[in-house]
Amino acid sequence: MSHTGSLGYGSRYPTRSRRGAAIPVGDTDAPDILRKVATATVLGGLVFNAILCFVNTRIMGTADRHVIMAELAIVGCTVLAAMTRKSAFYVIFGLFVSYMVFLFMLRGGQVNPKAVRDILIPLAFYFLATRIADVKLADRLVLASGLIVVGFGLFEYLFLPTFLEYFNVIGYYLARGTVTLDQVFGQTKGLFISGQRPEARTILPFLGQHRVSSVFLEPVSMGNFGAIIYAWALFRGREFRLRWVVFLLAFTVVALADARFGLYTCILITLLYPFYSFIPRLVWVVMPFFLLAVLAIYGITSVSGGGPNDVAGRFAVTAHILTQLDLGVVLGWETTNAFTADSGISYSLTAFGIFGFVALWSLFVYAPMADARGWRFHSMMIIYLLLLMLISDSFYSIKTGALMWFLVGTASAYRRADGPRSGQSRAATPLSA
């Protein structure tokens, strides 16, 4: 007689019957509509900004409210599809909203809906993935996303004048109010501000100074996406027949965008791959706060402002931003007008306060695994987020977040047919060390 266990966040993993047959993972009774919703929402999160950019360029003017409505539609569908009788999703989101309402009250009634949205996206896509737990679907989404991004990116790179006739990127961001005419020196047509590298390229200099943005419309997310799909192909290994195609797509994405962050992340997660099962989770929990302390000390003792547009310079910017945050902002009861988009860790502190950030980060690190092997992808995404926190808050964007969190949920819930039993699986991951 077979039985199933239960992941701590509410999704099921398979165990073996006495005859050794593998029981399917995920919600075996879930209708196929769930997979269709997952496909539509993950790919929708990837491309909806490009669609709105086309609409703004060729059909009608758009505004920030159109972006908000599109995100609400995507996330709303994801939440509905992720709902089950299990209570984990509702408890976690309920506690988070209650905490944020408390912060809003301490801040004199200043409500920041973006902070709620920033956490709803990971929760929705993670729990939808754990409900479906279909690793083949995740493979197809990674491959399809990579082909879309590279195909659209090559169109931008090879036929830039034609591309801008249909996708006026800077005009779209002006319409949204994300940038102002002063910031783009009065330019109303062209690529995003960072779409041209002012200095020589780091990756494949012969490609010129054009940094391709593809469907993301800005190159930062392009580099993030390359690191995510590379990590998935590395995690899946031989089980993913087309992994080498994904590797090629990932390197193409990184090269087209001249994404130094993406390149360095791919190198680091590969070098650390043999050690993931030996690193205690407690190390990952305290790591952002260790980095926070180091950067704060560096900012106080050595940094007086920004830095050059390289890795050391971006760290200097983060250190400088951190030193400008008041204690009340860090603790969560005050707000600030400081620009924190270039420092993900600073933005997180201003949005959630130190206690909220500790809780959210710990929840992510200690997410349950149905199979010990899933911890490898989880570790790679921990490294990705740790590095990205130092230079940008772009990991909160749905453009890359939808796919990333769906993959994290899939890796957490998926269990191979030849995997260890639940007790062995938990022992093989550094849960308590």
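The structure this text deals with has already been given above.
Residues numbered from 1 in each chain as written. Predicted model: local features only at pLDDT ≥ 70, side-chain atom pairs only at ≥ 80, totals over all residues. Heavy atoms only, no water.

1. A few points about the nonpolar core
Proteins that are soluble and globular tend to have nonpolar side chains buried together.
Then step 1. Counting 135 residues, the largest nonpolar core has W232, F377, M380, M381, Y384 and F406 as its most contacted members.
Then step 2. Take this core: its biggest share by element is 13 residues, from helix α4 (residues 113-132).
Then step 3. Every residue in contact with F406, bar those within four places of it in the chain, is listed here: A38, V42, F125, L128, A129, I132, L137, A138 and L141. (Core = buried A, V, L, I, M, F, W, Y, C linked by side-chain atoms within 4.5 Å. Buried < 20%, exposed > 50% of the residue type's maximum accessible area, 1.4 Å probe, protein only. Helix = DSSP H or I, 4+ residues; strand = E, 2+ residues; numbered from the N terminus. Contact = heavy atoms within 4.5 Å.)

2. Notes on unusual backbone geometry
Then step 1. Not every positive phi belongs to a glycine, and L204 is a case in point at roughly 50 degrees.
Then step 2. Position of L204 relative to the elements: it lies in the loop between α7 (169-176) and α8 (219-236).
Then step 3. On the basis of relative accessible area, L204 is assigned to the partly exposed category, the value being 38%.
Then step 4. Phi is positive for S214, close to 55 degrees, though the residue is something other than glycine.
Then step 5. Along the chain, S214 falls in the loop between α7 and α8.
Then step 6. What makes S214 buried here is its relative accessible area of 0%.

3. Examining a nonpolar patch on the surface
Then step 1. Side chains of F54, I59, M60 and Y166 sit close together on the surface and give an oily, nonpolar patch of about 380 Å² of accessible area.
Then step 2. For Y166, the position within the fold is in helix α6 (residues 160-166). (Patch = residues over 30% accessible without salt bridge, like charges linked within 9 Å, V, L, I, M, F, W, Y side chains within 5 Å. Areas by Shrake-Rupley, 256 points an atom, 1.4 Å probe, with all protein chains shown as cover. Salt bridge = Lys/Arg side-chain N within 4 Å of Asp/Glu carboxyl O.)

4. Observations regarding the side chain of R373
Then step 1. Assignment of secondary structure puts R373 in the loop between α14 (344-365) and α15 (374-389).
Then step 2. Buried charge without a salt bridge: R373, with E239 as the nearest opposite-charge side chain at an N-O distance of 4.1 Å.
Then step 3. At 3.3 Å, the side chain of R373 and the backbone oxygen of R236 are in polar contact. (Lys, Arg positive; Asp, Glu negative; His and termini not counted. Polar contact = N/O pair within 3.5 Å; in protein donor to acceptor, adjacent residues only side chain to side chain.)

5. Concerning the packing of α15 against helix α16 (residues 398-413)
Then step 1. Between α15 and α16, the shortest axis-to-axis distance is 8 Å and the interhelical angle comes to 150 degrees. One way to sum up the angle between α15 and α16 is to call them roughly antiparallel. Judged by the sense of rotation from one axis to the other, the crossing of α15 with α16 is left-handed. Mapping the contact onto sequence places G374, F377, H378, M381, Y384 and L385 in α15 and T400, M404, W405, L407, V408, A411 and S412 in α16.
Then step 2. Partitioning the contact of α15 with α16 into residue classes produces nine nonpolar, four polar and no charged. (Axes fitted to C-alpha atoms, helices over the stretch in contact; angles between N-to-C directions. Parallel < 35°, antiparallel > 145°, perpendicular 65-115°, else oblique. Left-handed = near helix turned anticlockwise from the far one by under 90°. Nonpolar A, V, L, I, M, F, W, Y, C, P; charged D, E, K, R; others polar.)

6. Digging into the environment of M222
Then step 1. For M222, the location among the structural elements is in helix α8.
Then step 2. We classify M222 as buried; its relative accessible area is 0%.
Then step 3. Residue contacts for M222: discarding those within four places in its chain leaves V149, V212, S213, S214, F216, V253, L256 and A257.

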